[in-house]
Structure formats: structure tokens, C-alpha cells
Amino acid sequence: MSSRAGTTPSTYSPSTQKKKPQKPTFNDSNGVRSDGRGFYQCRPAYLKTGAVSAAGGSAYAEFGNTKVIVSVFGPRESKKAMMYSNVGRLNCSVSYTPFATQVRGQGSEHKEYSSVLHKALEGAILLESFPKTTVDVFALVMESGGSDLPVIISCASLALADAGIMMYDLVAAVSLSCVGPSLVIDPVLEEERWQDGSLMLTYMPCRSEVTQLAVNGEWTTPKIHEGMELCLDACKKLAGIMRSCLKEEADSPSIQ
Amino acid sequence: MVGLSVGETNFIRGGIAQDLRCDGRKRLSYRPIHIDTGVIPQANGSARVRIGGTDVIASVKAELGRPNSAQPGKGKVSIHIDCSATAAPIFQGKGGEALSTELAADLQRCLLGGKSGAGAGIDLSSLSIVEGKVCWDLYLDGLVVSSDGNMLDALGAAIKAALSNTGLPKVNVIAADATSSGDQPEVDVSDEEFLQFDTSAVPVIVTLTKVGKHYIVDATEEEESQMSSAMSISINRKGLICGLTKRGGAGVDPSIVLDMISVAKNVSENFINVLDSEIAAAEAREEE
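First, a word on scope: everything that follows refers to the structure included in this document. (Residues numbered from 1 in each chain as written. Chains lettered and ligands numbered in written order. Predicted model: local features only at pLDDT ≥ 70, side-chain atom pairs only at ≥ 80, totals over all residues. Heavy atoms only, no water.)

Take helix 2 (residues 94–112) of chain B next. Residues and elements named next belong to chain B. Between its terminal C-alpha atoms helix 2 stretches 26 Å, which fits the 27 Å expected from 19 residues at 1.5 Å a residue. Here helix 2 has its buried residues at G96, S100, L103, A104, A105, D106, L107, R109, C110, L111 and L112. Directly after helix 2, the chain includes G113, whose backbone phi takes a positive value near 75°. (Helix = DSSP H or I, 4+ residues; strand = E, 2+ residues; numbered from the N terminus. Expected span 1.5 Å × (residues − 1). Buried < 20%, exposed > 50% of the residue type's maximum accessible area, 1.4 Å probe, protein only.)

Residues and elements named next belong to chain A. Throughout the structure, instances matching the rule amount to one cavity of 30 Å³ or more. Empty space within the largest cavity amounts to approximately 30 Å³. Lining the largest cavity, in full, are Y12, R43, F63, S147, P150, V151, A173, V174, S175 and D186. Residue composition of the lining of the largest cavity, by class: six nonpolar, two polar and two charged. (1 Å grid on protein atoms, 1.4 Å probe; cavity = no way out; pocket = protein on both sides within 12 Å on 5 of 7 lines; lining within 4 Å. Points joined across faces, edges and corners; volume = space filled by probe spheres on them. Nonpolar A, V, L, I, M, F, W, Y, C, P; charged D, E, K, R; others polar.)

The next thing to look at is the environment of P72 of chain B. Position of P72 of chain B among the secondary structure elements: in the loop between strand 3 (54–65) and strand 4 (76–83). Considering only alpha carbons, one finds P72 of chain B and K133 of chain B, 61 residues apart in sequence, at a separation of 7.6 Å.

Another aspect to go through is the sheet that holds strand 9 (residues 209–219) of chain A. Two modes of strand pairing occur in sheets, parallel and antiparallel, and in both the strands are linked by backbone hydrogen bonds. Taken together, the eight strands give an open sheet; going across it, the order is 7(A)-6(A)-8(A)-9(A)-12(B)-11(B)-9(B)-10(B), and neighbouring strands pair in antiparallel fashion. Each edge of the open sheet is held by one strand with a lone partner, namely strand 7 (182–185) of chain A together with strand 10 (214–217) of chain B. Each strand axis lies, on average, 20° off the axis of its neighbour in the sheet, ignoring direction. Direction of pairing for strand 8 (residues 197–204) of chain A relative to strand 9 of chain A: antiparallel, over a ladder of seven bridges. By the bridge assignment, S198 of chain A is partnered in strand 9 of chain A with N216 of chain A. The sheet strands contacting helix 2 (residues 148–162) of chain A are strand 6 (172–179) and strand 8 of chain A, and the helix crosses strand 6 of chain A at an angle near 170°. Here helix 3 (residues 151–164) of chain B sits on the sheet and contacts strand 9 (204–211) and strand 11 (229–235) of chain B; the angle it forms with strand 9 of chain B, its principal contact strand, is near 170°. (Pairing = 2+ DSSP bridges. Axes fitted to C-alpha atoms, helices over the stretch in contact; angles between N-to-C directions. Contact = heavy atoms within 4.5 Å.)

See below:
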């Protein structure tokens, strides 16, 4: 286990339980991935709040090559055309820069990502604390390096916290790929391309609640158990990093 | 949107807690399912599925196309769902669009498997005709005619039935030699011989709706309005999980997620059998 508090940049990885990485049939032998990580080791996470000064709250996240900015605006008055609502609305939108992907302008599935982002966050926000108004969450993927959606979700919940939107807990998200018989956590683009299945979990550690879970590919039940356990553990550690990022920001004297 | 009074809400919730729902069902039993196949003559395959008040139509259209350069040996499948405004006024304009894209994305996740094709209900390599040159493009279109809850399961069942109703015309390659490299090979589409589609791997989707502490299958619209969250799990005949997606804002405890998966697995065995016999009955009726 490589994560020890105090090292920079901080990494997080789920505790490898009794199960050692099985004989991998994947890329290299002896359980090392193309970028030198172990199967159950996440990429180094760099998080920073206050990336955009014009926004109510914002955050920047960099997980390996995946770089994301999220800005949060509001709560502001809902559009006139919308019906009266005694709970607040959450509006999420995910977009890719044209240069985010290898082939220009191929950032895919924005619409789906936006709806998953919405579903992952709405359970964490106290929507009744801002009736009749809308909070906008805009995510921009500057570089897509794999596991984009979980990075967007974690970064968005940090940005919401930075904006002072009331939440039950921070939402941490981690994804996992199933490649052949082995599970690899926090996959990079190359691994995602060859994956047989993927599992993404978003989790609020303090309340122990899964806000969103998306699985595709072919999974046996024990494998889902194992994958979920790995993701839960990684989410808990990621949430710790997110929390310390917020604390740092609050402690440091504001530069003006 | 369903407007329910406090009394009605309590009645629904209380019924679910006591394992007796408003229409007399138990928590884990389905409404009667009725399937018709071959309802759209223009399509290669089609089916209409009615589960209680929910009524959906799925059609399969096959066209010859060029395979993706990244996957030369595979055909293409796309799923499109239309929530018609005739079903409910809230589907008008943008309201239907959001739901349609969400349903289509969920179906894609549940039926088409992972990137490498593992767990896919449709074997994409069986759609290839000439590698890198010609393949079948399958267009799966779903239409919600009337909605009374549980749309995803109904659409999944309709697509399964429509696929088993699908006959792809036999294609003879006339001139597929290396001399004309780069050109499209000439093909002859037979209008007499049809190849049946293997649908044994197509999973079924089971949605468990969580109301209070309990979960129910095949929720009606009234029951769905009371849900805290819902989990749609697609399971194939082998009992493998091919896709999973969660709806509803409220979070659930990880142990409940695992419990829901095992409940869905039990329910699915029965559901697959019911669907298969209904599909077989519908096919038999059509032939008469």
C-alpha cells in the first residue's frame, strides 16, 4: 500500500484485502499496469477549489491525465417558463473541449454524462434549502484521460461545497474496469478501451449511501461484490482527500 | 404527473409494507404481460408489449452499412426511444426528450454490454457480412404508447421480443475479390431466405423500486411517484449481470444494493421464462 499521509501528491488506494491480484492476463505480468500502478491503486489526485473567480464556487481536478474544471452558479432565480417548485432545481451540464480527446471534437456522451452527474449529485444536496431557484453545475473536461465521469462527479461535489450549497456529504466517485479476469481500479483511457465491463460508484461516506451505480458488461455476483467493495474503499479515501482540500482552502488566508 | 392525496399516499405505502399492493399483487409479482409480435409490417421485426397499463412498441429495422473502422468485424446497433406526447401530456416537447434519451442510454447500457462486447445481448460480429466493408446496421426503435410505470422493463421486453421476431435477409456476396480493393463489394439481398436472430443471450431488465423499506417489481405510475430510488438490473439466462443503473435521487446503503441484486436475480429467472413462453405463444399466433 502506497498511500501514506503527508506524501505529495497524495494518492489513495483501497486496501487490498486477502485477495492479492490474481495472475494477470492483462498487458504486463506481475500485476503492474502500463503506467506503473498496481491493479488496486488509483492515480494521484490533485484537487483545488476556487479555480474560476467568476463562479459562485468552482473546483479543478486532475487525476493523472484527466483534467476537469467545474463551476457552480447560483442559486439563482429559475427561468420564468419553469413551473413553481418548492424545492430547488439542479441543472447539470458536461462538455468537452475540442482538444480533450485524441481525435478532435470526439468527446462523447455529454448528454448521458450530464444526466448521470445530475442523478449522482441530487441525492446529496438539500434542495429544499433553496426553493424556487436553480443551481447550475457546469463541468468542462479539458483533457480526457480515462475515468472522466467519476472525476467530473467528485470535482462537481467539491465545487458545490466551495459554493456553499448545503449538502449532506461530499460525493466521491470511483470507477473500475473489468479486463479479462482482473479488476483494475481508476482505469486510464487505454484500459477503458479494452474493458469487458465497467462499474462506477458514487458514494457519500459519512451517510454510507450509494447515490449512483452504473454497471455494464458481464458480471457475476461475487465479482460485483468485490468490485463494489474496492470502489467503496477508494471512495472513502478520495472523500478524505477532498475534505482535506476544502480544509486547506478554509485555513489558508485569502489572497486578495 | 400523478397527484395523490395524503390518504392515497399512505394507502399505497401501507399496502407495500404489508405485501399487498393496490391491485392485489404481492411485492414481487408482475402485472399480466401480453405480447404481440409482427405488428409493424415494414420493419424486419417488431413487437408490442403490454404490462398492465403500460403499452410499448419496439421495431427492428436492418440496413446495410459500413462497419466502423475501429471495429471492422462488427455490425452496429443503435437504440432510439420515443416517448410520444400521445401517452402523456408531460412528454410534450422537451419533457419527453429528456426521458427518451435517459431510457435509450439505460437500454444501451443494459442490452449492448461492455466495450469489448462482453455481456452483449446482440452478438455484433454476427452482423458482419464482409469484414471492413459491409455489415448490418440494426436500428432498434421503441415507442411508448401509454405509460403506467415500469417503462424500462417493458421496453427491454419489447426489444427482446422484436429481436426474436426479426428475420435478416440472407446476403450473397457477388463480387468480393481483392481486385476492387477500396470499392464496396456487390451484394445481393435475398427476399426469400431469412436468417433468424439468436436472442437467447438477450438479457431481461428487472427494475426494483424502493418504497419505504421495501422494494417492489413492476411498479405502476402511482407507486413510482412514491419511490425513493429504483435500481434497474439486466440479467441474462445464465444469471450474469449485464448492466445496472440507478434512478431516483435518494442514496441507498451498499448492503441494500447487494440485496437488491440478489432479489432481482431470483425474480429474473421467473420473468425470463414468462417472457419466453409469451413470445413463443405470440409467434405461434402470428403464424396461424
